[in-house]
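# Structural features, examined
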Amino acid sequence: MHIHVDETLGLFHLQSKDSSYIIQLVEGYPAHVYWGAQLHHDSNLASILEFRERSSFSPNPVPSDRSISLDTLPQEYPQYGTSDFRQPAYQLILEDGSRITELKYAGYRIASGKPKLEGLPAVYTESDDEAATLYLILEDKYSGLQVTLLYTVFANHSVIARSAMIENKGSAAMTLEQALSASVDFADANYHALYLSGAWVRERHVQRRELGPGAIRLESRRGSSSHQMNPFLALLRPDATEDHGDVYGFSLVYSGSFIAQAEVEQFSQTRVSIGINPFDFSWQLEPGQSFQTPEAVMVYSGEGIGGMSRTYHRLYRTRLCRGVYRDKERPILVNNWEATYFNFDADKIEAIAKEAGPLGIELFVLDDGWFGKRDNDDSSLGDWFEDRRKLPGGLADLAKRVNKQGLQFGLWVEPEMISPNSELYRKHPDWCLHAEGRRRTEARSQLVLDLSRKEVCDYLYDTLSAVFSSAPITYVKWDMNRNMTEIASAAAPALRQKETAHRYMLGLYDLMDRLTSRFPDILFESCSGGGGRFDPGMLYYMPQTWTSDDTDAIERLAIQYGTSIVYPASSMGAHVSSVPNHQVGRMTSLAIRGDVAMSGNFGYELDLTAFTKEEKELAASQIAQYKEIRSLVQQGDMYRLLSPFEGRGDTAWMFVSADRSEAFVAYFRVLAEPNGPIRRLTLRGLDPQLKYKIETGVTGNSLAGDTASPFSLAFGGEAFGGDRLMNIGLTVSDLKGDFASITFRLKGLPAE
Ligand code: DGJ
């Protein structure tokens, strides 16, 4: 890691682990020169950019030099209005109504480490020698606009973290209409775009599309990062695969509306930009005020999509997630949502906990329905006091009864919401987002609290603090079950109404920061109808997320595979639920449901009191197995082997320990295949010099009982070289039946 500056050439060469990023000043404009595999600094990096006269339709900022045009110059933070007709990185209106500013280089600063971003989640360092940061200062000489571009490079990660700090150093107000986090111009368009899209119960399916003239625009306008589109975009060379080739990832550390765009222009250059969605956004900057954009985390991988994912996983696991649970094994839980929905009482909960303890489950989570008068989803959000009809002894008594069964106690809350039918709403009808005099559009019979208001956040802080202190609560599931409509704040002046959605995010981040600091020993899991806010912003406060409301094992293959493109397994909640599955009605064996859920933070979400003796035995052995592989799954390196989005949907992945001495492999056959070809599973990430002993895990595809595995593996108990496992693989074609799975562990043998 190093930041080289050649002041004579106006050249900045940023070296992160394995990658280089080069900026050069051209007539005072910061031009983008290169991003990719690491270069030596003495490799003559001066004359990479090509200057060529185009036509009068690509104007020239320096009249005497027609070879330079902002319309073609690759740039770091492009502006609107002075001849670049592509997507700008920022737009603003000056007090006189003019929209023209021109950012030119005004200086730089380099500091070791990485600064905190005021009020925003961001990747961090634990010591200054882990990273270095370049502050590139740009100014518009007429208005007093100053933009500082921040670039952090890392010693241990092939990552560049970028953001922009926009300051009004002039004497008149200005209005920001767009303030993106990063913009990168690629020299050609020979790329595919890779991104994650979906819907509720179908989140983060992998999409791959060729770029062509025009733009690919990914966005959310929903006030949260959304089920529909994740705040992530990668460009990859057409020949890039899971294991090979150049991949460039852009991930936004933000939980609100965003855009990520790849625009191919007339000369086949590609501009990627990412940041807060400018749609329905503006921000008043009075003299002396500043605006900090969220952070974009950019990863270069020369080792395919898998290489990029592992870089994101390591960085997000160790330098985005925080708190005592960052490095701690996550508890195996049982959640009562799909077991009881709203229909429970303390005795029922205790009965489930009583079954859970002997199986080895460590935590009970009480889901929705414990507060106010909430017998269904049309009331009580905001009334965060126990419903004594269901819990006569309150939360404290219930937690005690659960603890007695040897389990910790966890609780569900949905703090950002308010039901029109609630005491809170009757007291504070203006505390929700709404446009005065208009309909307040409900979703699931609820409205969104206006977290842009300090008094609302303070109320939530006090109320939730009281709840979290009222019982020995060690886990909190923080849910959020709708998107924003009528985005307006009763507390904001007219000119600041378009700030509401971002101010909401700042209020939410501050609230979560205060609560997670006050309750450092609580493990927080975020949730938004499953994965509607599965983003790096939330992971900064809460190290895991409920991946999806879809608990079907087969659907989960796609959802967990897609999620793993950016996010580590330690961030994914994954539970075994009952069959027929509540979302899709599919029947699958308890064995495969366990095998799929074991690739994340494992748990059960069904009525354990309805389990047969055989099911209990299998669950107990799944739990014992998970305890053995838990640290591998939660802290190891993930290698995806087969994609559910290709071929017949068979899926496989594995987790390898940092020293490569241990691994856990999971293979899923979705549909049986008549008289099919020989199928070999080739492994990844092992030490080619080491021999590994294979231990088969629980396998099975029987729908009745699940006790017996109808197939056995030829290779159980044997030892093979890592080289053979990675180059020849293991035959898995004798699997029979639909929805079958094999899991096994590999243990490196000591050298002879
Ligand atoms: C949506 C969540 O994703 C579910 O797991 C459950 O907590 C419900 N909300 C409760 O309303």
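So, how was this worked out
Residues numbered from 1 in each chain as written. Predicted model: local features only at pLDDT ≥ 70, side-chain atom pairs only at ≥ 80, totals over all residues. Heavy atoms only, no water. UniProt positions renumbered as here; feature names shortened; annotations may be inferred. Pairing = 2+ DSSP bridges. Helix = DSSP H or I, 4+ residues; strand = E, 2+ residues; numbered from the N terminus. Axes fitted to C-alpha atoms, helices over the stretch in contact; angles between N-to-C directions. Contact = heavy atoms within 4.5 Å. Expected span 1.5 Å × (residues − 1). Bend = angle between axes of the 7 residues up to and from the residue. Buried < 20%, exposed > 50% of the residue type's maximum accessible area, 1.4 Å probe, protein only. Polar contact = N/O pair within 3.5 Å; in protein donor to acceptor, adjacent residues only side chain to side chain. Salt bridge = Lys/Arg side-chain N within 4 Å of Asp/Glu carboxyl O. Parallel < 35°, antiparallel > 145°, perpendicular 65-115°, else oblique. Left-handed = near helix turned anticlockwise from the far one by under 90°. Nonpolar A, V, L, I, M, F, W, Y, C, P; charged D, E, K, R; others polar. Phe/Tyr/Trp six-rings, centres within 6.5 Å; stacked < 30°, edge-to-face > 60°. Lys NZ or Arg CZ within 6 Å of the ring centre and 35° of its normal. Domains from an automatic or database assignment. Near = heavy atom within 4 Å. Areas by Shrake-Rupley, 256 points an atom, 1.4 Å probe, with all protein chains shown as cover. Disulfide = S-S within 2.5 Å. Core = buried A, V, L, I, M, F, W, Y, C linked by side-chain atoms within 4.5 Å. Right-handed = clockwise from strand over helix to strand, strands pointing away.

The name recorded for the protein chain in an unreviewed UniProt entry is Alpha-galactosidase, from Paenibacillus terreus. Under the UniProt heading Sequence similarities (unreviewed entry), the note attached to the protein chain is "Belongs to the glycosyl hydrolase 36 family." Per its UniProt entry, the protein chain bears the Catalytic activity (unreviewed entry) comment "Hydrolysis of terminal, non-reducing alpha-D-galactose residues in alpha-D-galactosides, including galactose oligosaccharides, galactomannans and galactolipids."

### A closer look at the sheet that holds strand S27 (residues 523-526)
Reading around the barrel, the 8 strands line up as S21-S22-S23-S26-S27-S28-S29-S30 and close back on themselves, with parallel pairing between neighbours. For this sheet the average axis-to-axis angle between neighbouring strands, irrespective of direction, equals 30 degrees. Alignment of strand S28 (residues 544-546) against strand S29 (residues 572-577), held across 2 bridges, turns out to be parallel. Among the inter-strand pairings, Thr545 is bridged to a residue of S29, identified as Met572. In the packing of helix H7 (residues 500-518) onto the sheet, the strands contacted are strand S26 (473-478) and S27, and the crossing angle to S26 comes to about 170 degrees.

### Focus: helix H11 (residues 613-635)
An ideal rise of 1.5 Å per residue puts 33 Å on 23 residues; H11 measures up with 33 Å between its terminal C-alpha atoms. Largest kink in H11: about 55 degrees, centred on Ile629. Every buried residue of H11 is listed here: Leu618, Ala619, Gln622, Ile623, Gln625, Tyr626, Ile629, Arg630, Leu632, Val633 and Gln634.

### Some details on the side chain of Asp650
Position of Asp650 among the secondary structure elements: in the loop between strand S31 (637-642) and strand S32 (651-656). In terms of polar contacts, Asp650 uses its side chain to reach the side chain of Arg669, at 3.0 Å. Ignoring sequence-local partners within four residues, the contact set of Asp650 consists of Leu642, Ser643, Pro644, Tyr667, Phe668, Arg669, Val670, Leu671 and Arg679.

### A look at the sheet that holds strand S4 (residues 29-37)
Read across the sheet, 4 strands follow the order S1-S2-S3-S4 without closing on themselves; strand pairing throughout is antiparallel. Two strands lie at the open edges of the sheet, namely strand S1 (2-6) and S4, each paired on one side alone. Looking at each pair of strands side by side, their axes are set apart by 15 degrees on average, direction ignored. In the sheet, S1 pairs with strand S2 (residues 11-16) via 5 bridges, with the strands oriented antiparallel. Of the residues in S2, the one forming a bridge with Ile3 is Leu14.

### Here's the deal with the pattern of salt bridges
Taken as a whole, this structure holds 52 salt bridges when the rule is applied. The salt bridge involving Arg86 is made with Asp84; its shortest N-O contact spans 3.0 Å. When its relative accessible area of 7% is taken as the criterion, Arg86 is described as buried. Looking at Asp84, the relative accessible area reads 3%, which means it is buried.

### Brief notes about the packing of helix H3 (residues 346-359) against helix H4 (residues 394-404)
Describing two packed helices takes the angle between their axes plus the distance from one axis to the other. Axis separation between H3 and H4 bottoms out at 9 Å; the angle between their running directions is 20 degrees. The angle between the axes of H3 and H4 places the two elements in the roughly parallel class. Classified by chirality, the crossing of H4 by H3 is right-handed. Note on element contacts: H4 touches H3 through Leu398, Arg401 and Val402, opposite Ala346, Asp347, Ile349, Glu350 and Ala353. Here the contact of H3 with H4 is built from residues that sort into 5 nonpolar, no polar and 3 charged.

### Brief notes about the packing of aromatic side chains
For the structure shown, the criterion picks out 34 aromatic pairs. Taken together, a centroid distance of 4.9 Å and an interplanar angle of 80 degrees make the contact between Trp337 and Tyr341 edge-to-face. On the basis of relative accessibility, which here comes to 29%, the residue Tyr341 falls in the partly exposed class. Every member of this aromatic cluster is reached through a ring pair, and the members are Tyr21, Trp35, Tyr151, Phe186, Tyr191, Tyr248, Phe250 and Tyr300. For Arg514, the ring lying beneath its charged end belongs to Tyr461, and the centroid distance is 4.7 Å.

### Observations concerning the domain arrangement of the protein chain
Taken domain by domain, the protein chain consists of domain 1 (2-319) and domain 2 (641-748). Computed over C-alpha atoms only, the centres of domain 1 and domain 2 are separated by 41 Å.

### Some details on the site of the ligand
Taken together, 13 residues form the shell around the ligand, and within it Asp367, Asp368, Lys477, Asp479 and Asp549 come nearest. Note that an oxygen atom of the ligand is positioned 2.6 Å from one of the side-chain N or O atoms of Asp368. Side-chain polar atom of Arg444 to an oxygen atom of the ligand: 2.9 Å apart, as the coordinates give it. Protein burial of the ligand: of its 290 Å² of free accessible surface, 98% is covered by the chains. Within the shell around the ligand, the residues separate by chemical class into 4 nonpolar, 3 polar and 6 charged.

### Some words on the state of the cysteines
Each disulfide consists of a covalent bond between the sulfur atoms of two cysteine residues. For the coordinates displayed, the defined rule picks out 0 disulfides. Free of any disulfide, Cys432 has its nearest neighbouring cysteine sulfur in Cys457, separated by 14 Å. Overall, Cys432 belongs to the buried group, its relative accessible area being 1%. No disulfide involves Cys527; its sulfur sits 16 Å from that of Cys321, the nearest cysteine.

### Here we look at the nonpolar core
Judged by nonpolar contacts, the single largest core of 190 residues is most densely connected at Leu366 and Trp370. Taken domain by domain, the makeup of this core includes at least three residues from each of domain 1 (2-319) and domain 2 (641-748). Once residues within four sequence positions are removed from consideration, Leu366 is found in contact with Asn336, Phe344, Ile349, Leu391, Leu395, Leu398, Phe409, Gly410, Leu411 and Trp412. By size, the runner-up hydrophobic cluster in this structure holds 24 residues, among which are Ala652, Met654, Leu690 and Leu730.

### Quick look at the UniProt feature "domain: Glycosyl hydrolase family 36 N-terminal" (unreviewed entry) in the protein chain
Under the present numbering, the feature "domain: Glycosyl hydrolase family 36 N-terminal" (unreviewed entry) in UniProt falls on residues 28-286. Structurally, residues 28-286 comprises 0% helix and 43% strand, and the distance from its first C-alpha atom to its last is 27 Å.

### What to know about the environment of Glu355
Within the secondary structure, Glu355 is located in helix H3. Distance in space between the C-alpha atoms of Glu355 and Phe744 is 27 Å, their sequence separation being 389 residues.

### Examining the pairing of strand S23 (residues 408-413)
Most of S23 sits out of view: 5 of its 6 residues are buried. For strand S22 (residues 363-366) and S23, the ladder comprises 4 bridges, and the chain directions are parallel. The residue of S23 that forms the bridge with Phe364 is Phe409. You can see the chain leave S22, run along H4 and come back into S23, and the turn it takes is right-handed. Direction of pairing for S23 relative to S26: parallel, over a ladder of 5 bridges. Each residue of the ladder has a partner; that of Trp412, found in S26, is Lys477.

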